[in-house]
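Residue-level structural notes
For reference, the chains in residue letters:
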Amino acid sequence: MTLPVFDLCLKNGSVVLPDATVVTDVYVREGRIARIGGTGDAGRVIDCTGLTILPGVIDTQVHFREPGLTGAEDLATGSMAAVMGGVTAVFEMPNTRPATDRPEAVLDKLERARGRMWCDHAFYVGATTENADRCGELEMLPGTAGIKIFMGSSTGSLLVSDDAVLERVLRSGRRRVAIHAEDETRLHERLSERRAGDPSSHPVWRDEETALRATQRIVRLARRTGRRIHVLHVTTPAELEFLSAHKDIASCEVTPQHLTLAGEEAYAELGTLAQMNPPIRGRKWRDGLWYWMGQGVPDIIGSDHAPHPLEAKQRSYPETPSGMPGVQTLLPLMLDHVAHGRLSLRRVVDMTSAGPQRLFGLVRKGRIAVGYDADFSVVDLAARWTVQREWLASKCGWSPFVGRELTGRPMGTIIRGNVVMWENQLAPSAQGEPLLFDATDRPQSAGTRA
């Protein structure tokens, strides 16, 4: 009997399957997982002995700054950083210049991404007062991750802070809406709390109540309209406690940096490099996030990769932009937390692969199973290493985690069967494609779609 011929075989790795982790072989044909276990001939065989094969990591919150802000990042360099860090797909945010708030802007990003983005991708559409009643149409555009609302001002011009307009956005459409939840009125009221030259006053200005008040408002509006929401980068235990009573309608995200950094050390050691929105808070808030992680409340991990040029970040606070790069360090930081017993590897997989698929209806993503896209993040759980500036692929060229010693390192990034990164070496060309979603992409007859 002739053995089947496959394109790729990952051999002898510890494969994280939906129900178990087993040492086995994974075979790929035409970009999809064709067999788990068994034998077969393959055009390329990669020995994964001693390595762990995860479902491809999906980062559902990145800012790649193109168009208009490309001094810090662009679609090519941001996605290169993603695959260097083991990330196979990203959702990119709309606060570019011009903002991604109309069909032409989405099409422009998709065109810019073609042949330049290293990972698979989708683009959020930003809600505005002007497009509030068209969001249902905009969220159905091919290549879109959905609608993003900025309730509090941050980088860029997108802002919807009025409850009446927020309600109009939520009533237009049906996909889950992503929320930056900070209360704009309170931000204005507390501007005097900022102290010139002192970035540690940033979380005093953008305090816990600023976040909680906005989260409570948007959940109330979600209830009124029956619309599912997703609260991004939650930074306070109070929000997670509140959201735990509303899981039927509100999912939420935490970031590696809020789980890792504590304000007492971060602002003293990093200064304005630690400045982001919502802010890095004190140790008790970080520890509170871990408490609610233990209760299972946060649904996914997102990096909120938000780079700025180092020159801009080195100005004196508050004349400094908020945000830090993170897509390349998302998986390494979470693997380090696994190594230190703070959460299980299976929980990381759920929050970076299965969770994004479940919440956003991604097609053929999020698990290692026959018929799914052959997306894998291959890691060495035992590797001990130090984050070095030379390893960073982001155009901004810096990270708050340079010099940090970690345990657990991405070794390979495979997207639809294409080995795009292996042992820090990139493939010859970028091969990222737009993501597909249940809400926007109907199955087609055999032979009409790859």
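Keep in mind the model is a prediction, meaning the values are calculated, not measured. Sequence order sets the numbering: in each chain, residues are counted from 1 along the sequence as written. Side-chain atom pairs in this predicted model are given and counted only at pLDDT of 80 or more, local residue features only at pLDDT of at least 70, and totals for whole chains, interfaces and linings cover all residues. Only heavy atoms go into the side-chain values, all of them from the structure, while hydrogens and water stay out.

Bringing the state of the cysteines into the picture now. In what follows, a disulfide is any cysteine sulfur pair within 2.5 Å. Evaluation of the coordinates by the stated rule reveals zero disulfides. Here Cys 9 is not cross-linked by a disulfide; its sulfur's nearest cysteine counterpart is in Cys 48, at 8.3 Å. Accessibility here uses a 1.4 Å probe with only protein chains present; expressed as a share of the type maximum, an area under 20% marks a residue as buried, one over 50% as exposed, and anything in between as partly exposed. Judged by its relative accessible area of 2%, Cys 9 falls in the buried class. Not engaged in a disulfide, the cysteine Cys 119 finds its nearest cysteine sulfur in Cys 396; these two sulfurs lie 16 Å apart.

By definition, any uninterrupted DSSP run of H or I lasting at least four residues is a helix, any uninterrupted run of E lasting at least two residues is a strand, and each is numbered from the N terminus. Of all five residues in strand 12 (residues 250–254), five are buried, a share of seventy percent or more. Neither face of strand 12 is exposed, since Ala 250, Cys 252 and Val 254 on one face and Ser 251 and Glu 253 on the opposite face are all buried. Alignment of strand 11 (residues 229–231) against strand 12, held across three bridges, turns out to be parallel. Bridge assignment links His 230 to a residue of strand 12, and that residue is Ser 251. When the strands point away from the viewer, a crossover counts as right-handed if the route from the first strand across the helix to the second turns clockwise. Between the parallel pair strand 11 and strand 12, the chain is carried across by helix 8 (residues 237–243), and the sense of this crossover is right-handed. We treat two strands as partners when DSSP finds at least two bridges between them. Note: strand 12 against strand 13 (residues 300–301), two bridges, orientation parallel. Bridged to Glu 253 within strand 13 is Ile 300.

Sheet topology note: the strand 2 (residues 21–29)/strand 3 (residues 32–36) ladder contains four bridges and is antiparallel. Pairing of Val 26 across the sheet is with Ile 36, part of strand 3. Linkage of strand 2 to strand 3, two consecutive antiparallel strands, is achieved through a turn of two residues, within which Glu 30 is found at a positive phi near 50°.

Let us now look at the pattern of salt bridges. Take a side-chain nitrogen of Lys or Arg and a carboxyl oxygen of Asp or Glu: if they are within 4 Å of each other, that pair is a salt bridge. Within this structure, the stated rule accounts for 33 salt bridges. Put simply, Arg 190 and Asp 207 hold a salt bridge, and the shortest N to O gap is 3.5 Å. Here Asp 207 lies in the loop between helix 6 (202–205) and helix 7 (208–225) and Arg 190 lies in the loop between helix 5 (184–189) and helix 6, a separation of 17 residues in the sequence. When sorted by exposure, Arg 190 lands in the same class as Asp 207, which is buried. Through salt bridges with shared partners, one network takes in Asp 120, Arg 364, Lys 365, Asp 373, Asp 375, Arg 416 and Glu 433.

Put simply, buried Ala, Val, Leu, Ile, Met, Phe, Trp, Tyr and Cys residues joined by side-chain atoms within 4.5 Å make one nonpolar core. Counting 92 residues, the largest nonpolar core has Val 90, Ile 149, Ile 218 and Ile 229 as its most contacted members. The dominant element in this core, judged by the number of residues it contributes, is helix 13 (residues 330–339), at six residues. The contact rule is simple, with two residues in contact once any of their heavy atoms fall within 4.5 Å. Leave out the neighbours within four places in its chain, and Ile 229 touches Leu 170, Arg 176, Val 177, Ile 179, Ile 218, Val 219, Ala 222, Ile 249, Ala 250 and Ser 251. Counting residues in each nonpolar core, the second largest holds 19 residues, with Leu 17, Ile 33, Leu 51 and Ile 414 among its members.

In this fold, Lys 365 is placed in the loop between helix 14 (345–360) and strand 14 (376–386). The term polar contact refers here to a pair of N or O atoms within 3.5 Å; inside protein, the definition further demands a hydrogen-donor-capable atom paired with an acceptor-capable atom, and it admits residues adjacent in sequence only when both atoms are side-chain atoms. Within polar-contact distance, the side chain of Lys 365 engages the side chain of Asp 375 at 2.6 Å. Leaving out residues up to four positions away in the same chain, Lys 365 has contacts with Ile 58, Asp 120, Gln 357, Tyr 372, Asp 373, Asp 375, Arg 416 and Leu 435.

A few words on empty space enclosed by the protein. Once rolled over the atoms, a probe with the size of a water molecule shows which space is left empty. Any residue with an atom within 4 Å of a point lines the site, the site being either a cavity, points on a 1 Å grid over the protein atoms alone where a 1.4 Å probe fits but cannot get out, or a pocket, an open set with protein on both sides within 12 Å along at least 5 of 7 lines. Grid points are joined across faces, edges and corners, and a volume is the space filled by probe spheres set on the points. As enumerated under the stated definition, the model contains three cavities of 30 Å³ or more in all. In this structure, the second largest cavity encloses a volume near 60 Å³. Around the second largest cavity, the lining residues are His 305, Pro 325, Gly 326, Gln 328, Thr 329, Leu 392, Ser 394, Trp 398 and Ser 399. Gly is placed with the polar residues, together with every amino acid not listed as nonpolar (Ala, Val, Leu, Ile, Met, Phe, Trp, Tyr, Cys and Pro) or charged (Asp, Glu, Lys and Arg). Across the lining of the second largest cavity, the residue classes break down as three nonpolar, six polar and no charged.

A separate point is the environment of Ala 339. Tracing the sequence through the fold places Ala 339 in helix 13. Sequence-wise, Ala 339 and Asp 7 are 332 residues apart; in three dimensions their C-alpha atoms are separated by 33 Å.

What follows covers the sheet that holds strand 10 (residues 177–180). Taken in spatial order, the eight strands make up an open sheet running 6-7-8-9-10-11-12-13, and their pairing is parallel. At either end of the open sheet lies a strand with only one pairing partner, and these are strand 6 (57–62) and strand 13. Summarising the sheet, strand 8 (residues 120–126) and strand 9 (residues 144–150) pair through four bridges and their orientation is parallel. Of the residues in strand 9, the one forming a bridge with Phe 123 is Thr 144.

What follows covers the environment of Tyr 317. For Tyr 317, the location among the structural elements is in the loop between helix 12 (310–313) and helix 13. Tyr 317 sits in the buried class, given a relative accessible area of 2%. Put simply, Tyr 317 and Ser 201 are 116 residues apart on the chain and 9.2 Å apart in space, counted from C-alpha to C-alpha. Beyond its immediate sequence surroundings of up to four residues, Tyr 317 is in contact with Arg 194, Arg 195, Ala 196, Gly 197, Asp 198, Pro 199, Ser 201, His 202, Trp 205, Thr 272 and Gln 275. Side chain to side chain, Tyr 317 and His 202 meet in a polar contact 2.9 Å long.

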